[in-house]
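# Results of the structural survey
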Amino acid sequence: MNLIIDVGNTRVKVAVFELDTVKEIFVFDKAEILSEVKKIISIFSITSSIVSSVAHFTEEERQEIAELLNPIFLDSTTNVPFKNNYKTPKTLGVDRIALASAAVNKYPNKNVLVIDAGTCITYDFITKKGEYLGGAISPGIQMRYKALHEFTAKLPLLEPNELQNFIGVDTNTSIHSGVINGVSNEIDGIIKQYQKKYQELTVVLTGGDTYFLSKQLKSVIFAHPNFVLEGLHTILIHNLAND
């Protein structure tokens, strides 16, 4: 069995894979990573593992994880199953590397646009030749709500809410319209930009806001909430096969 560890700024997602099947997914606070990983490896017979982190480990944490698992620590030098044509490959986030890897594995020989709707909304494009070209980064839904609240004197901090009408009739519904309608039209508009240049385009939506946004969008998409974990597993298998 393979262990996939995706470390965010505050939360950790861990998946146990048997062949290509996810057996179980665990989510916990970053502060609990060592104790939780120990529990998981006491339950499952783990043979290989990979760690992806957008947050920094302490040297002590990294060393202990290395001793527990001897994992691949994903970075810009890791062998991946696509050609990276990003102008500054060393600055490409590990989450975006994972998404590109999932795209070439799940949709081989296709032009794929992966949209990851989380803290930020990232757009990553991989050609049918397996070439990663780049994409875009914009503020996510929660970030937009917080910005309206924190950079003004009187606007309230709201939680995301489905739109009943795109015309806001008071302050709250105007904020919801501005954020949700704005994000939805941004995503639909960017998809159309890519479709004009690449007519045969597969669009994948992933991230924490996947299900919420999929109901708002006009474009045809494939929803894969665990696409990063699948991509990390793809990278692990790719490296094991090339050892």
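Everything below is about the structure shown above.
Being a predicted model, the structure only gives us computed values, none of them experimental. (Residues numbered from 1 in each chain as written. Predicted model: local features only at pLDDT ≥ 70, side-chain atom pairs only at ≥ 80, totals over all residues. Heavy atoms only, no water.)

## Details of the sheet that holds strand β10 (residues 201–206)
Here is the rule we go by: A pair of strands counts as paired when DSSP detects no fewer than two bridges linking them. For the purposes of this entry, the term helix denotes a DSSP run of H or I that reaches at least four residues, the term strand denotes a run of E that reaches at least two, and both are numbered from the N terminus. In this description, contact between two residues means that some pair of their heavy atoms is separated by no more than 4.5 Å. Lines fitted to the C-alpha atoms define the axes, with helices restricted to the stretch that makes contact. Angles between their N-to-C directions range from 0 to 180 degrees.
Within the open sheet, the six strands sit side by side as β6-β9-β8-β7-β10-β11. Their pairing is mixed. Each edge of the open sheet carries a strand with a single partner, namely β6 (83–84) and β11 (222–223). Note: β6 against strand β9 (residues 131–139), two bridges, orientation parallel. Paired with N84 across the two strands is Y132, which belongs to β9. The sheet contacts of helix α5 (residues 171–197) involve β7 (111–117), β8 (120–126), β9 and β10, and relative to β8 the element is tilted by about 10°.

## Some thoughts on the nonpolar core
Note the threshold: In this description, a nonpolar core means a group of buried Ala, Val, Leu, Ile, Met, Phe, Trp, Tyr and Cys residues linked to one another through side-chain atoms lying within 4.5 Å. Working definition: with a 1.4 Å probe on protein chains only, accessible area under 20% of the residue-type maximum means buried, over 50% means exposed, and in between means partly exposed.
In terms of nonpolar packing, the biggest core is built from 28 residues, with I4, V114 and F227 touching the most fellow members. Mapped by element, the contributors of at least two residues to this core are β2 (11–18), α3 (94–106), β7 and α7 (227–241). With eight residues, the single largest contributor to this core is α3. Ignoring any residue separated from it by four or fewer positions in sequence, one finds F227 in contact with L99, A102, A103, K106, Y107, V114, V204 and T206. Core analysis: the second largest hydrophobic core is formed by 25 residues, I121, Y123, F125 and V179 among them.

## Section: the pattern of salt bridges
Convention followed: Counted as salt bridges are all cases of a side-chain nitrogen of Lys or Arg within 4 Å of a carboxyl oxygen of Asp or Glu.
Across all of its chains, the model carries seven salt bridges by this definition. Here K38 and E64 are joined by a salt bridge, their closest N and O atoms 3.0 Å apart. Of this pair, K38 sits in helix α1 (residues 33–43) while E64 sits in helix α2 (residues 59–69), and the two are 26 residues apart along the sequence. Of the residues examined, K38 reaches a relative accessible area of 39% and is grouped as partly exposed. For E64, a relative accessible area of 22% puts it in the partly exposed group.

## Focus on the packing of aromatic side chains
Quick reminder of the rule: Paired rings are identified among Phe, Tyr and Trp, the last through its six-membered ring, by centres lying within 6.5 Å, and are further divided according to the angle between planes into stacked (under 30 degrees), edge-to-face (over 60) and tilted (the rest). When the NZ atom of lysine or the CZ atom of arginine is within 6 Å of a ring's centre and also within 35 degrees of its normal, the charge is said to sit over that ring.
Scanning the entire structure with this criterion turns up six aromatic pairs. Judged by centre distance (6.4 Å) and plane angle (75°), the ring pair of F26 and F44 falls under edge-to-face. Of this pair, F26 sits in strand β3 (residues 21–29) while F44 sits in the loop between α1 and β4 (48–53); the two residues are 18 residues apart in sequence, bridging distant segments of the chain. In this structure, F26 and F44 share a single accessibility class: buried. Pairwise contacts between aromatic rings join F82, Y86 and Y132 into one cluster. One cation-aromatic arrangement involves R62 over F73; the distance from NZ or CZ to the ring centre is 4.0 Å.

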